[in-house]
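# Architecture at a glance
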Amino acid sequence: MIAPADAFSPSYARARVKFLEAAASAGMAISSHNHPLPGRDGEVLAMDVALDGDPSAERLLIVSSACHGVEGYCGSGVQVFAAHDAEWREHARAAGVAVLYIHALNPHGFSWVRRVTHENVDLNRNFQDFSQPLPANEAYAELHELLLPKQWPPGPDNVAAIGAHIQTHGLTRFQAAVSQGQHAFADGLFYGGVDATWSNRTLRDVLRRHCRQARHLAWIDLHTGLGESGLGERICACRDDAVALERARAWWGGGGQTPVTSIYDGSSTSALLTGLMWSAAYEECPQAQYTGIAMEYGTVPIEEVIDALRGDHWLHLHPEAPEALRAAIKARVLAAFYVDTDEWKARVVVQARQVLFQAVSGLASSSSS
């Protein structure tokens, strides 16, 4: 086992090296899916996959990071720590549970310190049936021009207009309007796209290759940016299904000590979203009983998170921005999704270990029928 702080990295390039070295040292089977574009520092980008355990195991746990690129600074640290954690690995093996680590679902966003993919798409709004009409978000349409003003930082008129909207409609409705997902503004926030992204297609390939033998499939997807700083909220990542929610709460709820929330009943800090990534588990692995959570670690207040994202999208539209402004915007984005202190990292790891052990216990208790 390593110290929690030593599992985290100051860049995607370093995080990838740490993950691959840890997985190789643990004897895991590794495969890499290279991204078509280079990283910020010219490095190769990839969705790396490491399997710890029997490839024919009927009980499989997925642990994934960087669905929202920059959030990989946290998620990768959890994966690296787990790969070094002999007690955790033995616990999973003894229970007959194989663990599939998917490192950097969105490596481009991770490297470039963006939440979105190279297509400017929010990967966790991109899992739609694109042969059908896409969901509309009229509330976002009303806000789009305000969210992306012509200048950054925004002028006083823009700040006042955003403030007035929140004052009138409330912060919760503002968050929902902005973050629900939208498919009408390709340059906008939380854009779900009009086609499957590279990450979407690659992830589906990974699921088909590694998960179709499983009878019981669990998924812990690691996120940051919502809630109290350092607190990991367990958000049920399943369909609106009372049985699946009850199973997730039985596995991860800790008898009420670590509650599992839901976007469907209003108990989560997350708004009701569309195009969510976990839907691929149902579509690509229909033979498995699926149970999942998003582990959402808090960082800074939601208003700051949204403003940081606004700045990043503005910068994407204004590549001519001076270097000092660019650096300030990128630093703000990183701070919105990653708290670079040993205390925060230690809290993240402690809670991650708990949900990992809980997942194995849940899978082990599942009927083999």
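Structure's up top.
Reference entry: report on the structure contained in this document.

What counts and what doesn't
Residues numbered from 1 in each chain as written. Predicted model: local features only at pLDDT ≥ 70, side-chain atom pairs only at ≥ 80, totals over all residues. Heavy atoms only, no water. Helix = DSSP H or I, 4+ residues; strand = E, 2+ residues; numbered from the N terminus. Rg over C-alpha atoms; globule rule 2.2 N^0.38 Å. Buried < 20%, exposed > 50% of the residue type's maximum accessible area, 1.4 Å probe, protein only. Contact = heavy atoms within 4.5 Å. Lys, Arg positive; Asp, Glu negative; His and termini not counted. Charge placed at Lys NZ, Arg CZ, Asp CG, Glu CD. Disulfide = S-S within 2.5 Å. Axes fitted to C-alpha atoms, helices over the stretch in contact; angles between N-to-C directions. Parallel < 35°, antiparallel > 145°, perpendicular 65-115°, else oblique. Left-handed = near helix turned anticlockwise from the far one by under 90°. Nonpolar A, V, L, I, M, F, W, Y, C, P; charged D, E, K, R; others polar. Pairing = 2+ DSSP bridges. Phe/Tyr/Trp six-rings, centres within 6.5 Å; stacked < 30°, edge-to-face > 60°. Lys NZ or Arg CZ within 6 Å of the ring centre and 35° of its normal.

### Let's talk about the overall build of the chain
Along the chain, the regular secondary structure elements total 13 helices and eight strands. Rg of the C-alpha trace for the chain: 20 Å, near the compact-globule value of 21 Å for 369 residues, within the 12% margin. For the chain, with 369 residues in total, the buried portion stands at 58%. Contacts in the chain between residues far apart in sequence, at least 24 positions, make up 82% of those at least 6 positions apart. Seen as two clouds, the 29 positive and the 41 negative side-chain charges of the chain have centres 3 Å apart.

### As for the state of the cysteines
Summed over all chains, the structure comprises zero disulfides. For the unlinked cysteine C74, the closest cysteine sulfur is that of C67, found at 13 Å. A disulfide-free cysteine, C238 has its sulfur positioned 3.9 Å from the sulfur of C236, the nearest such atom. Relative accessible area serves as the criterion here: at 0%, C238 is assigned to the buried category.

### Observations regarding the environment of R247
Inspection of the secondary structure assignment puts R247 in helix α9 (residues 242-252). The sequence separation of R247 and S366 amounts to 119 residues, and the corresponding C-alpha distance is 9.9 Å. Aside from chain neighbours lying at most four places away, what touches R247 is Q289, Y290 and T291.

### Some thoughts on the packing of helix α2 (residues 72-84) against helix α13 (residues 342-365)
Contact geometry of α2 with α13 gives a least axis separation of 10 Å together with a crossing angle of 60 degrees. With respect to α13, the axis of α2 lies oblique. Two packed elements cross with a definite hand, and for α2 against α13 that hand is right-handed. Contacts from C74, V78, F81 and A82 in α2 reach W344, V348, V349, A352, R353 and L356 in α13. For the contact of α2 with α13, the per-class residue count stands at nine nonpolar, no polar and one charged.

### Some remarks on the pairing of strand β8 (residues 289-298)
Remember that side chains alternate between the two faces of the sheet whenever the strand is regular. For β8, the buried fraction is high: nine of the ten residues fall into the buried class. In this structure, strand β5 (residues 216-229) lies alongside β8, joined through ten bridges in parallel fashion. Looking across to β8, one finds that H216 is bridged to Q289. Where strand β6 (residues 232-236) and β8 come together, five bridges link them in antiparallel fashion. Opposite C236, over in β8, you have I293 as the bridge partner.

### Overview of the sheet that holds β8
Spatially, the eight strands line up as an open sheet ordered β1-β2-β4-β3-β5-β8-β6-β7, and their pairing is mixed. The open sheet has two edge strands, β1 (29-34) and β7 (260-261), and neither has a second partner. Judged from the six bridges that link them, strand β3 (residues 59-64) and β5 form a sheet pairing that is parallel. Counterpart to S64 in the pairing with β5 is D221.

### Considering the packing of aromatic side chains
What characterises a pair of aromatic rings is the spacing of the ring centres plus the angle enclosed by the ring planes. Inspection of the entire model under this criterion finds ten aromatic pairs. Where Y282 meets Y290, the ring centres are 5.1 Å apart and the plane angle is 75 degrees; that geometry is what we call edge-to-face. Judged on exposure class, the residue Y282 and its partner Y290 are both buried. Through a chain of ring-to-ring contacts, the aromatic side chains of F8, Y12, Y73, F110, Y338 and W344 assemble into a single cluster. The ring of Y282 carries R239 above its face, with NZ or CZ at 3.8 Å from the centroid.

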